[in-house]
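Chain residues, written in single-letter form:
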Amino acid sequence: VNAQKEVLAFKCWRFNNAELESPDSEMQLRQILASEMPLSFLYARVTCNLFTPRATLVPARLFHTDNLQKYFQLLLHPGDHQYACDILSELDCSLAYVQEPALGRLCDYYFPEAFVQHQVSPLLSVWARQTRQDDHDVLVHFRSRFIQVVVFDRDKLQFYNTFMIQSASDALYFIMLA
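Since this is a predicted model, take the numbers as computed values, not measurements. (Residues numbered from 1 in each chain as written. Predicted model: local features only at pLDDT ≥ 70, side-chain atom pairs only at ≥ 80, totals over all residues. Heavy atoms only, no water.)

1. Structural notes on the nonpolar core
Counting residues in hydrophobic clusters, the biggest one holds 15 residues, and the most contacted among them are L91, L95, L124, V150, F152 and L157. Counting residues per element, the ones that place at least two in this core are β3 (82-88), β4 (93-99), α5 (120-130), β7 (146-153) and β8 (156-164). Broken down by element, this core gets its largest block of residues, four residues, from α5. Of all hydrophobic cores here, the second largest spans nine residues; its members include L29, C107, F111 and A114. (Core = buried A, V, L, I, M, F, W, Y, C linked by side-chain atoms within 4.5 Å. Buried < 20%, exposed > 50% of the residue type's maximum accessible area, 1.4 Å probe, protein only. Helix = DSSP H or I, 4+ residues; strand = E, 2+ residues; numbered from the N terminus.)

So, in structure tokens, the structure goes:
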């Protein structure tokens, strides 16, 4: 993005869990990133938006960064997990999430000064500004095999979750459930 807020370059890579969990995944990702010429340029600001379905909203009054691992202890098997969070003060909550360690290391290596956040955090902020104060809004983001469902009651965030889908009926079920 330049000073006029025009997008000059945008690149998106998608990897499935099997690719990210394979022993040589980090080496393969490094080869991909090293081959991208724009990544060798210097930028005034870099943001890395990472997607993971393992994310949860925590109300601000209940959130503490020291408890990141505890928010997931009943949902994940013990392992090499990298926990992170995005503070969403305008929504009075935080988004706690588990990112793939290989992706975290790559962001640190290629973009040491980057602002790293979950992909849904900027979406939630933008959607919050677009919701109607006198109605309910259900917003859905389709992402390959996942949908992200967000519900606002008037202008207050009530619900966010990511669901794995295999068919249109799966998507419809989760949207109607919200």
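What follows picks up the thread again.
2. With respect to the pattern of salt bridges
Applying the stated criterion across every chain, the model contains two salt bridges. Here E100 and R54 are joined by a salt bridge, their closest N and O atoms 2.7 Å apart. In this pair, E100 sits in the loop between β4 and α4 (101-110) while R54 sits in the loop between β1 (47-50) and β2 (55-59), placing the two residues 46 residues apart along the sequence. Judged by relative accessible area, which is 13%, E100 ranks as buried. D153 is the salt-bridge partner of R154, the closest N and O atoms lying 2.6 Å from each other. (Salt bridge = Lys/Arg side-chain N within 4 Å of Asp/Glu carboxyl O.)

3. Quick word on the packing of aromatic side chains
One pair of aromatic rings is described through two measures. These are the centre distance and the angle between the planes. A full pass over the atoms with the stated rule returns seven aromatic pairs. With 4.9 Å between their ring centres and 85 degrees between their planes, Y109 and Y110 make a pair best called edge-to-face. Joined through ring pairs, the aromatic side chains of Y109, Y110 and F111 make up one cluster. (Phe/Tyr/Trp six-rings, centres within 6.5 Å; stacked < 30°, edge-to-face > 60°.)

4. Looking at a nonpolar patch on the surface
Taken together, V1, V7 and F10 make up a surface patch of nonpolar side chains, about 400 Å² in accessible area. Judged by relative accessible area, which is 72%, F10 ranks as exposed. (Patch = residues over 30% accessible without salt bridge, like charges linked within 9 Å, V, L, I, M, F, W, Y side chains within 5 Å. Areas by Shrake-Rupley, 256 points an atom, 1.4 Å probe, with all protein chains shown as cover.)

5. Considerations on the pairing of β3
Bridge count for β3 against β4 is seven bridges, and the pairing is antiparallel. Within β4, the residue paired with Y83 across the bridge is V98. Connecting the antiparallel pair β3 and β4 is a turn made up of four residues, with D92 showing a positive phi of about 60 degrees. (Pairing = 2+ DSSP bridges.)

6. Things to note about the sheet that holds β7
The strand order across the open sheet built from three strands is β6-β7-β8, with neighbouring strands paired in antiparallel fashion. Across the chains shown, the open sheet's two edge strands, defined by having one partner strand only, are β6 (136-143) and β8. For this sheet, the mean inter-axis angle between neighbouring strands, taken without regard to orientation, is 15 degrees. Relative to β8, β7 runs antiparallel, the two sharing eight bridges. Bridge pairing in β8 links Q148 to T162. Where α5 meets the sheet, it contacts β6, β7 and β8, and its direction lies at approximately 35 degrees from that of β7. (Axes fitted to C-alpha atoms, helices over the stretch in contact; angles between N-to-C directions. Contact = heavy atoms within 4.5 Å.)

7. Details of the layout of surface pockets
For the largest pocket, the calculated volume is near 2100 Å³. What lines the largest pocket is a set of 50 residues, among which F10, K11, T47, C48 and N49 lie closest to the centre. If you list the elements that add at least two residues to the lining of the largest pocket, you get α1 (17-21), α2 (25-34), β1, α4 and β8. Across the lining of the largest pocket, the residue classes tally to 30 nonpolar, eleven polar and nine charged. The class makeup of the residues in the lining of the second largest pocket is ten nonpolar, one polar and two charged. (1 Å grid on protein atoms, 1.4 Å probe; cavity = no way out; pocket = protein on both sides within 12 Å on 5 of 7 lines; lining within 4 Å. Points joined across faces, edges and corners; volume = space filled by probe spheres on them. Nonpolar A, V, L, I, M, F, W, Y, C, P; charged D, E, K, R; others polar.)

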